[in-house]
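# Chains, contacts and geometry: an overview
Chain by chain, the residues:
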Amino acid sequence: MKILAIETSCDDTAVAVLEEKQKKLKILSNIVSSQVKLHAQYGGVYPFLAKREHQKNLPLVFKKVMKQAGNPKIDAIAITSGPGLEPCLWQGINFANDLTQKLKAPLFPINHVEAHILANFIDRGPTSIKFPAVGLVVSGGHTQLILMKKFLDYKILGETRDDAAGECFDKVARILGLGYPGGPAIAKFAKNKKNLTSLKLPRPMIKQKNYDFSFSGLKTAVLYEFRKQTPETQKSRQYLEALCAEVQQAIIDVLLSKTRKAVDDYGAKTVVLGGGVTANDELRKQFKKAFNVLMPQKKFCTDNAVMTAITAYFHLKKGDKPKGEIEARADLTL
Ligand code: KG4
Ligand code: ZN
């Protein structure tokens, strides 16, 4: 069986072909065409600009992926239907709809948050997860703690009440003039740990007895802290390194603490990470130390279509049926 997957929920045009042969999975082709350069000049993603790029890129990326995969017969098409930026989702859905005619293959709508979780099983079997498990999806659009009592079964325990953790990285990087996307830029500056000073930022909601998050206050705290400084200090490498290390640690502390609470309350045996922010080296290190944790390879943490394909594969195996009419659902939940 060969699954073609398309993912356009945000600013990456991603297409992949996944093959299953005697229960073994093989990535035949995987391309992520990034719009980072385009959005970097604005310090963030503009949905209609992103949509236009998807429109331009999709036919080219699709052609390239199919060629790399050896132009195989496609048995199923997987398309991200949400959550995400609505104009971008529609672009992918319309393209995929056309393909169902051309390729004569059924179409499966895929939940992007679920795909971030299932990215863990691109290179390991699902038996590596012990239930109950707690999932933590941290991306540019989401920060969610999820209880999983069995495979493909999800209950949202808590989520962010305002900005997602990735959004906080991106907005802080913008304040500090470090470019877009903010996560990798801040992580780079934060590496120089010896510069950690007495600079202290808040850990929002860390003491509250729930599983919810809030990151917009942290961004505001950075803004006030930064504004207090002279232009010389604001440009000083040492200051920026200390501030980046502290922001990164504040985000990690909150994520660790809320995950710890969920793990203890539900007796979770595995923690499953996913989403762009979980590509962060320091976060990976500290979660490994704290929990029995599964995390996707770094390249499968950020948006890609292999995770979309594997999600379709598991749902197909479970017996889920394709959908005729697919709609973009910006706020789709698990
Ligand atoms: O999952 P993703 O590619 O797209 C969404 O579904 O949102 O996540 C993108 C987010 C961005 O906010 C980016 O700054 C963040 O992931 N990110 C990181 C790192 N790499 C990407 N954040 C922290 N450290 C990183 N190394
Ligand atoms: Zn994503």
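These numbers come from a predicted model, not from an experiment.

### A few points about the environment of P181
Residue position: P181 is located in the loop between α5 (165-176) and α6 (182-190). Of the residues examined, P181 reaches a relative accessible area of 28% and is grouped as partly exposed. Separated by 11 residues in sequence, P181 and D170 place their C-alpha atoms 5.7 Å apart. Residue contacts for P181: discarding those within four places in its chain leaves V36 and D170.

### Quick word on the pattern of salt bridges
It is possible for side chains bearing opposite charge to pair when their charged atoms get close. Under the criterion given, the structure shown has 16 salt bridges. The partner of R203 in a salt bridge is E246, and the shortest N-O contact between them spans 2.6 Å. Taken as a pair, R203 in the loop between α6 and α7 (216-227) and E246 in helix α9 (residues 237-266) lie far apart in primary sequence, 43 residues in all. With its nearest N and O atoms 3.4 Å apart, the salt bridge here joins K228 to E225.

### Quick word on the nonpolar core
Core analysis: the biggest nonpolar cluster contains 50 residues, and L176, L178, F215, I251, L255 and F287 have the highest contact counts within it. Secondary structure elements with two or more residues in this core: β6 (133-138), β7 (143-148), α5, α6, α7, α9, β9 (270-274) and α10 (281-290). A per-element tally of this core places α9 first, with 15 residues. With near-sequence residues (within four places) excluded, F215 lies in contact with T143, T160, D162, D163, A164, A165, C168, I251, V254 and L255.

### Points about the sheet that holds strand β4 (residues 76-82)
Spatially, five strands are ordered β3-β2-β1-β4-β5 in an open sheet, and the strand pairing comes out mixed. Taken across any chain shown, the strands that pair with only one partner, and hence form the sheet edges, are β3 (24-34) and β5 (107-111). With direction set aside, neighbouring strand axes in the sheet form an average angle of 20°. Here strand β1 (residues 2-7) pairs with β4 via four bridges, running parallel. What sits directly across from I3, in β4, is A76. Contacting β1, β2 (12-21) and β3, helix α2 (residues 47-68) crosses the sheet at an angle of about 25° to β2. Contacts from helix α11 (residues 306-318) reach β1, β2, β3, β4 and β5, with the element oriented near 130° to β1.

### Examining the site of ligand 1
Among the 20 residues in the neighbourhood of ligand 1, the closest are listed as G140, D170, G183, G276 and D303. Between G140 and ligand 1, the recorded distance is 2.8 Å, taken from a backbone N or O atom to an oxygen atom. One of the backbone nitrogen or oxygen atoms of G166 is found 3.1 Å away from an oxygen atom of ligand 1. In the complex, the protein chains occlude 89% of the 550 Å² of accessible area that ligand 1 would expose alone. When residues of the shell around ligand 1 are traced back to their parent elements, those giving at least two are α4 (112-118), α5 and α6. Counted by class, the shell around ligand 1 contains six nonpolar, 12 polar and two charged residues. Counting only domains with at least three residues in the shell around ligand 1, you end up with domain 1 (2-121 + 300-318) and domain 2 (128-296).

### Brief notes about the coordination of the zinc ion (ligand 2)
Taken together, the protein ligands of the zinc ion (ligand 2) are H112 (NE2), H116 (NE2) and D303 (OD), with distances of 2.0 to 2.1 Å. One can describe the donor arrangement at the zinc ion (ligand 2) as tetrahedral, given that its four donor atoms subtend angles of 94 to 134° at the metal. Read from N- to C-terminus, the donor residues coordinating the zinc ion (ligand 2) fall into the pattern H-x3-H-x186-D. Here H116 is found in helix α4, whereas its partner D303 is found in the loop between β10 (293-294) and α11, with 187 residues between them in sequence. Taken individually, H116 and D303 each receive the classification buried, so the pair is uniform in this respect.

### A few points about the domain arrangement of the chain
Domains assigned within the chain are domain 1 (2-121 + 300-318) and domain 2 (128-296). Relative placement of domain 1 and domain 2: their C-alpha centres are 26 Å apart. Counting residues at the interface gives 23 residues for domain 1, matched by 25 residues for domain 2. Both faces considered, domain 1 and domain 2 share a buried interface measuring about 1,900 Å² in area, 73% of it formed by carbon and sulfur atoms. A per-residue breakdown of the area domain 1 buries against domain 2 is headed by I117, N120 and C301, which together make up 32% of the total. Inspection of the domain 1/domain 2 interface yields zero salt bridges. In this structure, the connection of domain 1 to domain 2 is made through six residue pairs in polar contact (both at pLDDT 80 or more). Every element with two or more residues in the side of domain 1 that touches domain 2 is listed here: α1 (36-40), α4 and α11. For the side of domain 1 that touches domain 2, the element with the most residues is α4, which contributes five residues. Its residues assigned to classes, the side of domain 1 that touches domain 2 comprises 13 nonpolar, seven polar and three charged.

Cut-offs used in this document
- Residues numbered from 1 in each chain as written.
- Chains lettered and ligands numbered in written order.
- Predicted model: local features only at pLDDT ≥ 70, side-chain atom pairs only at ≥ 80, totals over all residues.
- Heavy atoms only, no water.
- Helix = DSSP H or I, 4+ residues; strand = E, 2+ residues; numbered from the N terminus.
- Buried < 20%, exposed > 50% of the residue type's maximum accessible area, 1.4 Å probe, protein only.
- Contact = heavy atoms within 4.5 Å.
- Salt bridge = Lys/Arg side-chain N within 4 Å of Asp/Glu carboxyl O.
- Core = buried A, V, L, I, M, F, W, Y, C linked by side-chain atoms within 4.5 Å.
- Pairing = 2+ DSSP bridges.
- Axes fitted to C-alpha atoms, helices over the stretch in contact; angles between N-to-C directions.
- Near = heavy atom within 4 Å.
- Polar contact = N/O pair within 3.5 Å; in protein donor to acceptor, adjacent residues only side chain to side chain.
- Areas by Shrake-Rupley, 256 points an atom, 1.4 Å probe, with all protein chains shown as cover.
- Nonpolar A, V, L, I, M, F, W, Y, C, P; charged D, E, K, R; others polar.
- Domains from an automatic or database assignment.
- Donors = N, O, S within 2.8 Å, 3.2 Å for Na, K, Ca; no water.
- Tetrahedral: all angles 85-135°; square planar, octahedral: opposite > 155°, others 65-115°.
- Buried area = accessible area lost by both parts, 1.4 Å probe.

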